[in-house]
Amino acid sequence: MSNPNKPLLPPPVPAPDLSVSLGRLRLPNPILVASGTFGYGREMVGFVALDRLGGIVPKTITQLPRRGNVPWRTVETSAGLLNSIGLDNDGIEAFLKNQLPWLKQCGAPVIVSIAGATQPEFVQMADQLEGVPGIAALELNISCPNVSHGIDLGTDPEMCRRVVAGVRGVTKIPVIAKLTPNVTDIVAIAKGAQDGGADAITLINTCQGIAVDWRRRRPMLGNVIGGLSGPAIKPIALRCVYQVRQALDIPIVGVGGILSIDDCMEFFVTGASAVQIGTANFADPRASMNLLAALPGALAEMNATRMTDLIGSLMAGAGAPAGELQKAAGNQTHAS
Amino acid sequence: MHTPSPPVVCYADAARCIVADIVSHRLVAENTYRLRIDCPEIAASALPGQFVMLRIPERVDPLLARPLAVYDTFTAADTEPSNGDTPTEARRRYADFIYTVQGKFTTALKELAPGAQLLVWGPLGNGFSVPTVDHLLLVAGGIGQTALLALGRECLGNKLYGSSLRSVPRAKRVTFCWGARHGGLFGDVTDFRDAGMDVRLATLDGSVGHRGTVVDLLDELAQTEDLLHPQSIHIACCGPEGMMAAVARWSAARKISCDVSLEAPMACGIGICFTCVAKIRDAFGEWDYRRTCIEGPVFNAMAIDW
């Protein structure tokens, strides 16, 4: 029966299960694109197969249109990008009319990022989005460093809890709180989000910084202070993911300086259930696709067949040699 | 509260993102280099006034790409511009860029030799669209000539970019006014002369051409030119912001139509980062920040809130 010329192939390796859960939100894979780094999705059609993404977080919307901050709005720093865009957007009504109809048919889960100036405004925006078809989740941007109000809500645990709880009270849509690293105790803020009923938290928004042109005695950004993103902040983001994972059970979406598949894997092992690709979209518009293509190989290298084999598998005991860590991770995979 | 912008319509859908080899790289003026890359996917479709984003792959410092105007495109690696070079788009393969070394990206770029690779995406932006006029005036300041050569060539009918099915308006003549701080900054001026343009140069120090600015060149031109019929003249301009604002004022005072190509810092070039915004006015005079990369870089000078 068998064809003698047909080479004997090893049995096919089943494709790994890339799906992940963030509370009530289930995503086809853990590679998402971050708010403010992917436009409204439509801009990327020439570069990215949008329906392959684990999720799209379009640019943050506010209740009313905002022109945003005066240029310069970004400046490149060492291995990083400092930005102060200032939530330039056309407002929630224009988003629902002009952007969402296209986004919801693009094939990827759409996680709408909203920023309210106050707790009641967050609740009002969530109420307006409740029942609108095509929204997989809400990401609460309580952490934009470039508008004065957002950061106040995101730096106080009780305010964070009240924003999340208020939003949960008016919508059945899963809720993710995006937190700022510019706080003394990230765990306390994350606990506030968890107590408020968040399905997950996104760690981290940008780190505040400034850049200076000393010859002109001028700040480089029109708004003086901006938020730093890119490879320069990856260790800070990983530290935040680590601290929260050690203390709390809430699912984490990791973001901050991810360029390579190694970066993605570091976040998963440290405790992120999914990652968002941000500044890398600027450096290479195909970045998200490249990472998605590399993910199954990286899972196979760890003998992992599903994302849960990896997530939070970091051996936290200090000082283990790299080889030991790898062996330990492998053992854990077999045991699970 | 301002009027919300209408939806953006000029997406980078036709752009390609590729890794391209550097074919040649040479000094053409003080601190100024001419770069040729092998990029058939981009060279075939690039139109006058469009740009690409160029990045040194795998590096995190510099991390991001930079926008550079497409200066010219060619069918063969070793050809210099020649009049009558009208290949079909299928054969067009190389693209040239000219840049001045200014920051860490261009400092790193100038060290790259032929054979090195660059990550490139483009062509991007709207490019120039010129009305049918007798006389096209190209006005450049500094490195702004890079956005204008292809436009002048096309309007003189000595080269066609993009699809061979495109029809472009012809001008009876093209005058190219170029201003710089000093004469050492003019590189490859022969490209413009050989294409059949009337070339006029100005330098602030008087080392080459007229001592003064491009506006002086325009004033000089106006003395010999019949400006009673401004609709027969069109200006396309690219250079430093102050210079473009001066040219915009000059043309507005004479009711001559003027398009400018804005140079803004960009992080992505494709509309996702909202870095490169400029204050643009709508028909009702209301301004909003517009993304230079996908709603420009070419705008009518009257629409810009200088």
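Positions within a chain are numbered from 1, following the residues in the order the chain's sequence is written. Written order determines the labels here, with chains lettered from A and ligands numbered from 1. Local features in a predicted model are, by the rule used here, given only for residues with pLDDT of at least 70; side-chain atom pairs are given and counted only at 80 or more, and totals for whole chains, interfaces and linings are based on all residues. As a convention, hydrogens and water are excluded, and side-chain values are obtained from all of the structure's heavy atoms.

Trainee: Help me understand helix 5 (residues 214–224) of chain B in this model?
Mentor: Think of an α-helix as 3.6 residues a turn; residues three or four steps apart then line up on the same face. Residues and elements named next belong to chain B. Relative accessibility under 20% of the residue-type maximum defines a buried residue, over 50% an exposed one, and the middle range a partly exposed one, all with a 1.4 Å probe and only protein chains included. Only DSSP runs of H or I covering at least 4 residues are called helices, and only runs of E covering at least 2 are called strands; the numbering of each starts at the N terminus. Turning to helix 5, its buried residues number three or more, namely Val214, Val215, Leu217, Leu218, Leu221 and Ala222. Along the long axis of helix 5, the arc covered by the buried residues comes to 150°, so they all point the same way. Opposite the packed face of helix 5, turned more than 90 degrees from it, sit the exposed residues Gln223 and Thr224. By definition, residues are in contact when any of their heavy atoms lie within 4.5 Å. Where helix 5 is buried, its residues meet strand 8 (135–141), strand 9 (173–180), strand 10 (198–203), strand 11 (210–211) and helix 6 (241–253). Two or three places before Val215, at the start of helix 5, stands the capping residue Thr213, its side-chain oxygen 3.2 Å from that residue's backbone nitrogen. By construction, the arc corresponds to the directions joining the helix axis to the C-beta atoms. Any pair of nitrogen or oxygen atoms within 3.5 Å is treated as a polar contact; in protein, a donor-acceptor pairing is required on top of that, and neighbouring residues in sequence qualify only through side-chain atoms on both sides.

Trainee: Help me understand the packing of helix 5 of chain B against helix 6 of chain B in this model?
Mentor: Helix packing for two helices is described by the angle between their axes and how far apart those axes are. All names here are of chain B. At a minimum axis distance of 10 Å, the contact between helix 5 and helix 6 shows a crossing angle of 20°. In terms of orientation, helix 5 and helix 6 fall into the roughly parallel class. The two elements helix 5 and helix 6 cross, and the hand of that crossing is right-handed. Between helix 5, through Val214, Val215, Leu218, Asp219 and Ala222, and helix 6, the contact on the second element is made entirely by Met243, Ala246, Val247 and Trp250. Split into classes, the residues belonging to the contact of helix 5 with helix 6 amount to eight nonpolar, no polar and one charged. Only C-alpha atoms enter the line fits that serve as axes; for helices the fit covers just the stretch in contact. Angles between N-to-C directions range over 0 to 180 degrees. When describing relative orientation, an angle under 35 degrees is termed roughly parallel and one over 145 degrees roughly antiparallel, while 65 to 115 degrees is termed roughly perpendicular and anything else oblique. Helix crossings get a hand from a simple test, with the near helix turned counterclockwise from the far one by less than a right angle marking a left-handed crossing and a clockwise turn marking a right-handed one. Three residue categories are used. Nonpolar comprises Ala, Val, Leu, Ile, Met, Phe, Trp, Tyr, Cys and Pro, charged comprises Asp, Glu, Lys and Arg, and polar comprises the others, including Gly.

Trainee: Teacher, can you tell me more about the packing of aromatic side chains here?
Mentor: Where two aromatic rings form a pair, the distance of their centres and the angle of their planes describe that pair. Here the aromatic set is Phe, Tyr and Trp, taking the six-membered ring for Trp, and pairing holds for ring centres within 6.5 Å; pairs whose planes are under 30 degrees apart are stacked, those over 60 apart are edge-to-face, and all others are tilted. Applying the stated criterion across every chain, the model contains nine aromatic pairs over all chains. Judged by centre distance (5.9 Å) and plane angle (20°), the rings of Tyr33 of chain B and Tyr99 of chain B are stacked. With a gap of 66 residues between them, Tyr33 of chain B in strand 2 (residues 32–38) and Tyr99 of chain B in strand 6 (residues 94–100) connect regions that are remote in the sequence. When its relative accessible area of 1% is taken as the criterion, Tyr99 of chain B is described as buried. Relative to Tyr289 of chain B, the ring of Trp287 of chain B lies with its centre 5.0 Å away and its plane at 70°, an arrangement referred to as edge-to-face. Look at Tyr289 of chain B and you get buried, because its relative accessible area is 8%. Site record: aromatic cluster; members linked through ring pairs are Tyr71, Phe176, Trp178, Phe186 and Phe192 of chain B. Positioned above the aromatic ring of Phe274 of chain B, the side-chain terminus of Lys59 of chain A is 4.7 Å from the ring centre. Lying over the aromatic face of Trp287 of chain B, Lys279 of chain B brings its terminal NZ or CZ to 4.5 Å of the ring centre. In this analysis the charged atom, NZ for Lys or CZ for Arg, is taken to sit over a ring once it is within 6 Å of the ring centre and within 35 degrees of the ring normal.

Trainee: Which parts of the structure should I look at to understand the pattern of salt bridges?
Mentor: Pairing is possible between side chains of opposite charge, provided their charged atoms come close. Residues and elements named next belong to chain B. Salt bridge, as used here: a side-chain nitrogen of Lys or Arg that lies within 4 Å of a carboxyl oxygen of Asp or Glu. Evaluation of the coordinates by the stated rule reveals 31 salt bridges over all chains. Asp198 is paired through a salt bridge with Arg200; the nearest N and O atoms lie 2.9 Å apart. Take Asp198: its relative accessible area is 31%, and that puts it in the partly exposed class. Of the charged contacts, one joins Arg254 and Asp219 as a salt bridge, the two residues approaching to 3.7 Å between their closest N and O atoms. With a gap of 35 residues between them, Arg254 in the loop between helix 6 and strand 13 (257–261) and Asp219 in helix 5 connect regions that are remote in the sequence. Within this structure, Arg26, Arg34, Arg36, Asp96, Asp188 and Asp191 form a network of salt bridges that share partners.

Trainee: How should the sheet that holds strand 3 (residues 51–55) of chain B be read in this particular structure?
Mentor: Within a sheet, adjacent strands bond to each other through the backbone by hydrogen bonds, running parallel or antiparallel. Residues and elements named next belong to chain B. Should DSSP find at least two bridges between two strands, the strands are taken to pair. Here seven strands make up an open sheet; going across it, the order is 4-3-7-1-2-6-5 and the pairing antiparallel. Looking at which strands have only one partner, the edges of the open sheet turn out to be strand 4 (66–69) and strand 5 (72–74). With strand direction ignored, the average angle separating the axes of adjacent strands in the sheet is 40°. Both strand 3 and strand 4 contribute to a ladder of four bridges, which runs antiparallel. From the neighbouring strand, Phe51 faces strand 4, where its bridge partner is Ala69.

Trainee: Honestly, the interface of chain A and chain B in this entry has me stumped. Any pointers?
Mentor: Interfaces are frequently sized by the accessible area removed from exposure as the parts join. Tallying the contact residues gives 42 residues for chain A and 37 residues for chain B. Summing both partners gives a buried area of about 3,400 Å² for chain A against chain B, and 63% of it is carried by carbon and sulfur. Accessible area, probed at 1.4 Å, shrinks when two parts are joined; the buried area is that loss added up over both. Counting the surface chain A buries against chain B, the share from its top three residues, Arg67, Glu76 and Phe282 of chain A, is 22%. Inspection of the chain A/chain B interface yields five salt bridges. The interface formed by chain A and chain B holds 11 residue pairs in polar contact (both at pLDDT 80 or more) in total. Only strand 6 (74–77), strand 7 (80–83) and helix 8 (280–283) of chain A provide two or more residues apiece to the side of chain A that touches chain B. For the side of chain A that touches chain B, the residue count by class is 18 nonpolar, 13 polar and 11 charged.

Trainee: What should I look at first to understand the nonpolar core in this one?
Mentor: Inside soluble globular proteins, nonpolar side chains tend to come together where they are buried. In terms of nonpolar packing, the biggest core is built from 122 residues, with Ile114, Leu138, Leu140, Leu179, Ile201 and Leu203 of chain A touching the most fellow members. Top element by residues in this core is helix 9 (residues 287–301) of chain A. It accounts for seven residues. For every domain, the bounds stem from an assignment made automatically or drawn from a database. Three or more residues apiece are contributed to this core by two domains, here domain 1 (11–124) and domain 2 (135–303) of chain B. If we skip the residues at most four places from it in the chain, Leu138 of chain A touches Ile111, Val112, Ile114, Ala126, Leu129, Val167, Thr171, Ile173, Pro174, Val175 and Ile176 of chain A. Residues Val130, Leu148, Leu149 and Val174 of chain B belong to the second largest nonpolar core, which totals 30 residues. In this description, a nonpolar core means a group of buried Ala, Val, Leu, Ile, Met, Phe, Trp, Tyr and Cys residues linked to one another through side-chain atoms lying within 4.5 Å.

By themselves, these observations are geometric and do not establish any function.
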